Amino acid sequence: MATNRGKAFEAKFKQDFQMMDEVSIDRIYDSVSGFRGIKNICDFICYKYPFIFYLECKSILGNTFPLGNLTQYSKLLEKKNKKGVNAGVIIWFIEKEAIVYISIEEFERITNAGYKSINFNKMVNNPEFDITLIPGQLKRTYITGDYSVLLKVAEDKLNENR
């Protein structure tokens, strides 16, 4: 994991998410780091009417994101199947210059299917997997992401469950 770039990515995510009108975004700081077994649900709680998002941001060098790196998995799972609630992980594949969103429902499906990691080359843009590529533009080191695509994902999920 790329820790320094990862923290900067979190700041960039917040900045980019706020580019949408009328959003609320709160960073959940890990104020109890060092205490075993106590973890926050996610990095950010975001709201854009009528949806709330619980999002964990991760960054990774290389082509593969180990599923075990999502230590908030069980907490995010508690948010699934609730109307208007969306939980998932935003992963920046640094060397691929790409950002993806994976809902916690899809993350669970991938885990239950026996996969040990998210392989960018094999899973992104593959219709077998529900992984959303975040549109964006690389500017120097970081991608300016258009996170309004998450609203479309949330709307599709809501319509699916009606």
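All of the points below concern the structure found in this document.

So, how was this worked out
- Residues numbered from 1 in each chain as written.
- Predicted model: local features only at pLDDT ≥ 70, side-chain atom pairs only at ≥ 80, totals over all residues.
- Heavy atoms only, no water.
- Buried < 20%, exposed > 50% of the residue type's maximum accessible area, 1.4 Å probe, protein only.
- Helix = DSSP H or I, 4+ residues; strand = E, 2+ residues; numbered from the N terminus.
- Pairing = 2+ DSSP bridges.
- Salt bridge = Lys/Arg side-chain N within 4 Å of Asp/Glu carboxyl O.
- Axes fitted to C-alpha atoms, helices over the stretch in contact; angles between N-to-C directions.
- Contact = heavy atoms within 4.5 Å.

Turning next to the pairing of strand E1 (residues 24–27). By the alternation rule, side chains of E1 split into Ile25 and Arg27, which are all buried, and Ser24 and Asp26, of which none is buried. In the sheet, E1 pairs with strand E2 (residues 44–48) via four bridges, with the strands oriented antiparallel. Paired with Arg27 across the bridge in E2 is Phe44.

Attention now goes to the pattern of salt bridges. Opposite charge on two side chains permits pairing when their charged atoms draw close. Tallying each qualifying case throughout the model produces nine salt bridges. Notably, a salt bridge pairs Lys58 with Glu56, separated by 3.5 Å at the nearest N-O pair. For Lys58, a relative accessible area of 11% gives the class buried. Relative accessible area serves as the criterion here: at 3%, Glu56 is assigned to the buried category.

Where strands meet in a sheet, backbone hydrogen bonds hold them as pairs that are either parallel or antiparallel. Here we have six strands laid out as an open sheet, ordered E1-E2-E3-E5-E6-E8, and mixed in their pairing. Both edges of this open sheet fall to E1 and strand E8 (131–133), since each of them pairs with a single strand only. On average, each strand axis in the sheet is tilted by 25° relative to the strand beside it, whichever way the strands run. Here strand E6 (residues 98–103) pairs with E8 via three bridges, running antiparallel. In the strand pairing of E8, Tyr101 is matched with Thr132. Together, strand E5 (85–93) and E6 form the strand contacts of helix H3 (residues 104–112), whose direction differs from that of E6 by roughly 85°.

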